[in-house]
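# Coordinates in review
Take a look at the letters that make up each chain.
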Amino acid sequence: MARRTTAPAAEPAAPPPVPTREQILAFVAESTERVGKREIAKAFGITGSAKIELKRLLKEIEADGALDRDRGGLSPAGQLPPVVLADIRARDRHGDFVAVPAEWKGTGKPPAIVLTQGRGSRKGSRPAAGIGDRALIRVERDAEGGYSGRVIKVIGKNKAEIIGVYREGAQGGRIVPVEKRSQGREILIPPGEEGQARDGDLVSVTMERETRFGLPRGRVRERLGSLGSEKAVSLIALHLHNIPHVFADSTLAEADAVKPATLKGREDWRDRPLLTIDPPDAKDHDDAVMAEADPDPANPGGFILTVAIADVAAYVRPGSSLDREALERGNSVYFPDRVVPMLPERISNDLCSLREGEDRPALAVRMVIAADGEKRRHSFHRVMMRSRAKLAYAQAQAAIDGHFDDATGPLLETALRPLWAAYAALRTARDRRGPLALDLPERKVLLAPDGAVDRVIVPERLDAHRLIEEFMIQANVAAAETLEQARQPLIYRVHDEPALEKMRALGEVLASVGIKLPKEGALRPALFNRILAMAAETEHGVFLNEVILRSQAQAVYAPENLGHFGLNLRRYAHFTSPIRRYADLIVHRALITAGKLGADGLAPEISMGELAQIGEQISAAERRAMAAERETIDRLIAHHLADQVGATFAGQIAGVNRAGLFIKLDGTGADGFVPISQLGADYFRHEEGRHALVGERTGETFRLGDRVEVRLVEAAPVAGALRFELLSEGRSGARKSSPGKKPGGQPFKAASPGRPAGIRNTGSRHRGSRR
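Read on for an overview of the structure. Bear in mind that the values here come from a model prediction, so they are computed numbers and not experimental data.

Definitions and limits used
Every chain is numbered on its own, with residues counted from 1 as its sequence reads. Whole-chain, interface and lining totals are the exception, using all residues; otherwise, since this is a predicted model, local features are given only for residues with pLDDT of at least 70 and side-chain atom pairs are given and counted only at 80 or more. Side-chain descriptors were evaluated using all non-hydrogen atoms of the structure, hydrogens and water having been removed beforehand. DSSP bridges decide pairing: two strands pair if at least two such bridges lie between them. By the criteria applied, helices consist of DSSP H or I runs no shorter than four residues and strands consist of E runs no shorter than two, each listed in order from the N terminus. Whether two residues are in contact is decided by their heavy atoms, any of which lying within 4.5 Å being enough. Fitted lines through C-alpha atoms give the axes, limited to the stretch in contact for helices. The angle between two N-to-C directions lies from 0 to 180 degrees. By nonpolar core we mean a set of buried residues, namely Ala, Val, Leu, Ile, Met, Phe, Trp, Tyr and Cys, connected to one another through side-chain atoms within 4.5 Å. The classification of residues rests on relative accessible area computed with a 1.4 Å probe and restricted to protein chains. Under 20% of the type maximum is buried, over 50% is exposed, and intermediate values are partly exposed. For this analysis, a salt bridge means a side-chain nitrogen from Lys or Arg found within 4 Å of a carboxyl oxygen belonging to Asp or Glu.

In spatial order, the strands read β13-β20-β19-β16-β15; together these five strands make up an open sheet with mixed pairing. In this open sheet, the two strands that pair with only one neighbour each are β13 (267–268) and β15 (287–293). Relative to strand β16 (residues 303–310), β15 is paired through seven bridges, and the arrangement is antiparallel. Looking at β16, one finds that Met290 is bridged to Thr306. Where helix α9 (residues 412–433) meets the sheet, its contacts fall on β15, β16 and β19 (359–369), and the angle it forms with β15 comes to roughly 85°.

Dropping the structure here:
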């Protein structure tokens, strides 16, 4: 039997060496996938006990600050990992969504991630993402050091970020949220989590997981600015609503490089007596007007009315940086302490401002008006003009009333009287047309030099205001008519008729004050005007104006013509304010194209889909601006009233819901809230149809429009919130039906105090700018 021999055992293979620090950093930097200890071990073949050494080395590199670790794994310090959890915050000037990482341990502001559509992706192939969403994003770094990304998965809405004011403390700090719904709920910032925030700064805060006991915890994500004075109160609204307020360097450079327009290709209108009439504090003047008697014997008693509008299209070309940023902003935003313009000042306050005595390019409409105010014909012209004078509303009105000055005296017979005569004709036609005649006082907040509220006034409504407003309406109608006739795509200003549900609700309110709403026939503004006329001299006049306003649809921008219900017009477009509204710039470009007035008009290949998208974007920007302006007024008034806690005020019930009553104060127009717990020991039922709270036992009733007296209990300036105690008794009444008997009745016991409500400011700026 052969003897078996055993081969000597092989030496165990030596474990591969742990990669060097430089190799690890290079691998992490070059990786396009998530990187952790497991991925590094696999890439370098690390097994067994060598993993312990790798773990030690990774901790050492992190401790040195060369690597960051988060949910996306390891990444070079100050850089994002390949996959990151991020919050979508805004759109950039190209219309792309911009996200920021949900967690950021680097220095300075967290980097922005521009979201792009992946190649070959189809609509609906992945969850749609939008502003406010939290999403898992695959990130790539470009040559300039910026980031782009694609959404892998939408996680949901970001409910973990709060905007608030940082207050320093001995043991860390606290955040006072700026939103009303978060009032009374401070957030604890542990030591070391305050970032670069200092006492009084406006910051964004990322919320940590809440514990059962104690205050919720968070960490400062970003310092947004200082709120060292009331003059900076609009800063809150800018950041809360993501309103762009700092122009990109490329946009400013483009504006600075623009050369003034010349007479080439334009009609010379510099000798015509065009003049501007604006508020006394206006910084830009985008419209000028003139009127003269029509010498045509076929139009006896008629007028030629001219409206010239700053030619913004001559400077802001499609696709330029100026154009992209104007579209992103959508419109200028007006606060008592600042204006956030749609265009840089080089354009809005200089080249496109129709300054007195200076040559300026304009797009003008010349309208022939009959003696009865009806327009016979019109034409558009691209011109060079020179404003004869810069007048304020009150100044022009005073001249007509016989109190002229050095500026208005020489213009009285040649310019001002013809304007008022033309307006008298247009007013006759307007009365026949019968637009919605709401009478809502426009309150204006005046600030002292230190930014505090000086006083709140209701400016007198003059014929000078109505004259300019009516001239602008006629010019807007002419623009829509011209573009329709030329079959040129445009963006209309549309205002649909009230929805059926809102009309039913309005009918219930009117019935509660003894007015019957007709149920038959087509809806017309005249219907509402009859109601307003009936209520004008009664105690219900003011609140019925408010109720009818609430019943109306929201005016929007769209490429389809739905008419303008409020103005009772079949077609309407915004043409008269291209300095501060992007919609008007689109209409200007469309008119240039339709009239062959230059090469800088609307691109002929633009589609209805593109115009619809622009319309949606600028309509949303308008709503955003209105909310920001209203909330800033809330905060300023709350600052103004903060030292008057305990004082009593007269006001009116401006809103009713299950939680209590909204009160509008006389004088300031400030809104505040009376929680239902302040109404007494009775059970109160919300009767939605009557806009009332009704005592279940006593029948005591608090109804929309009732006059009341209240005491200020609390003012929260940062949130713009006021809470009142009701001093007046409700209307007496018999015991109402039992719970469940009345449709819409909601019986409930007096609840704990609700959160305060803000001040509403329903007035629009001059010239009916948001009609």
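Our next topic: the nonpolar core. Counting residues in each nonpolar core, the largest one holds 88 residues, and the members touching the most others are Ile347, Leu416, Leu419, Phe471 and Phe575. Among the elements that line this core, the one with the most residues is helix α10 (residues 463–485), at 10 residues. Aside from chain neighbours lying at most four places away, what touches Leu419 is Leu275, Ile277, Val289, Met290, Ala291, Leu467 and Phe471. Core analysis: the second largest hydrophobic core is formed by 60 residues, Leu227, Val445, Leu661 and Leu726 among them.

Of all the 11 residues making up β19, nine are buried; the element is thus mostly covered by neighbouring parts of the structure. Relative to β19, β16 runs antiparallel, the two sharing eight bridges. Looking at β19, one finds that Phe303 is bridged to Ile369. As paired elements, β19 and strand β20 (residues 375–386) share 11 bridges and run antiparallel to each other. Bridged to Met367 within β20 is His378. The antiparallel hairpin formed by β19 and β20 contains five residues in its connecting segment, where Gly373 sits at a positive phi of about 90°.

Summed over all chains, the structure comprises 39 salt bridges. Residue Arg360 pairs with Glu358 through a salt bridge whose shortest N-O separation is 2.8 Å. A residue is classified by how much of its surface remains accessible, and Glu358, at 31% relative accessible area, is partly exposed. Between Arg430 and Glu470 there is a salt bridge, and its shortest N-O distance comes to 2.7 Å. Placement of the pair is Arg430 in helix α9 and Glu470 in helix α10, with a sequence separation of 40 residues. Note on Arg430: relative accessible area 18%, which makes it buried. Accessibility expressed as a relative area gives 1% for Glu470, which makes it buried. Through salt bridges with shared partners, a single ionic network connects Arg266, Asp311, Arg317, Arg382 and Asp600.

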